[in-house]
Amino acid sequence: MEEYSGLTHNPFANTPGALGEIWAIGFRNPYTFDIDKVTENMYVSDIGQHDWEEVNHVFAGENYGWPDCEGPCGDTSYVEPIYTYDHTEGCSITGAAFYRESQFPAIYEGSFFFADFCSNWIRRIDTQGMVTDFGTDVAGGPVD
């Protein structure tokens, strides 16, 4: 079996001075992430600094805007988050998990779940991109 080398898939591997560990740039604090085992989509929960929390759909070699942008940006040189919320709704996005099991109703299949540490809620993004509450006032400070 051939040993996997991430360098062959890394968008920065042949860039002089680039680090082999870097896959995408422009995050402030990418606290958690998950990769959907069916679609291979990667979503990152990125903690904002002043006003916004983000969920980003990550693509190899792309720039997500930090430190020039936090939350919705409108600058076409950066990839926009797929979901944001401001600090009136929470203060620290945590958790990141795609659901691909069979123990819960089929409506949850393929959803991406995330939480907020301060507001104690859990939300999900379904396969159509709709965001809904999954749980409110969950046990204190969810982190994963």
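Everything numeric here is computed off the predicted structure, so don't read it as measured data.

Focus on the confidence of the model for the protein chain
For step 1, the next point in the chain: The share of residues in the protein chain with pLDDT of 70 or more is 93%, and the mean pLDDT across the chain is 89.
For step 2, the next point in the chain: The element-level mean pLDDT for the protein chain is lowest in strand 5 (residues 93–98), coming to 92, with strand 4 (residues 83–86) highest at 97.

Quick look at the sheet that holds strand 5
For step 1, the next point in the chain: The four strands lie next to each other as 5-6-7-8, forming an open sheet whose pairing is antiparallel. In this open sheet, the two edge strands, each paired with only one partner strand, are strand 5 and strand 8 (131–135). Strand-to-strand twist in this sheet, taken as the mean axis angle between neighbours without regard to direction, amounts to 25°.
For step 2, the next point in the chain: The pairing of strand 7 (residues 121–125) with strand 8 spans four bridges and is antiparallel. Its bridge partner being in strand 8, Ile-125 is matched across the sheet by Val-131.

Quick notes on the sheet that holds strand 1 (residues 30–35)
For step 1, the next point in the chain: With respect to topology, four strands assemble into an open sheet ordered 1-2-3-4, the strand pairing being antiparallel. Edge positions in the sheet fall to strand 1 and strand 4, since each of these pairs with one other strand and no more. The sheet shows a mean angle of 15° between the axes of neighbouring strands, direction not considered.
For step 2, the next point in the chain: With five bridges joining them, strand 2 (residues 42–46) and strand 3 (residues 52–58) adopt antiparallel strand pairing. The residue of strand 3 that forms the bridge with Met-42 is Val-58.

Focus on the pairing of strand 3
For step 1, the next point in the chain: The buried count for strand 3 comes to six of seven residues, which makes it a mostly enclosed element.
For step 2, the next point in the chain: Hairpin geometry of strand 2 and strand 3 is characterised by an intervening segment of five residues between the two adjacent antiparallel strands.
For step 3, the next point in the chain: As paired elements, strand 3 and strand 4 share four bridges and run antiparallel to each other. Each residue of the ladder has a partner; that of Trp-52, found in strand 4, is Asp-86.

Procedures and definitions
- Residues numbered from 1 in each chain as written.
- Predicted model: local features only at pLDDT ≥ 70, side-chain atom pairs only at ≥ 80, totals over all residues.
- Heavy atoms only, no water.
- pLDDT = per-residue confidence, 0-100.
- Helix = DSSP H or I, 4+ residues; strand = E, 2+ residues; numbered from the N terminus.
- Pairing = 2+ DSSP bridges.
- Axes fitted to C-alpha atoms, helices over the stretch in contact; angles between N-to-C directions.
- Buried < 20%, exposed > 50% of the residue type's maximum accessible area, 1.4 Å probe, protein only.

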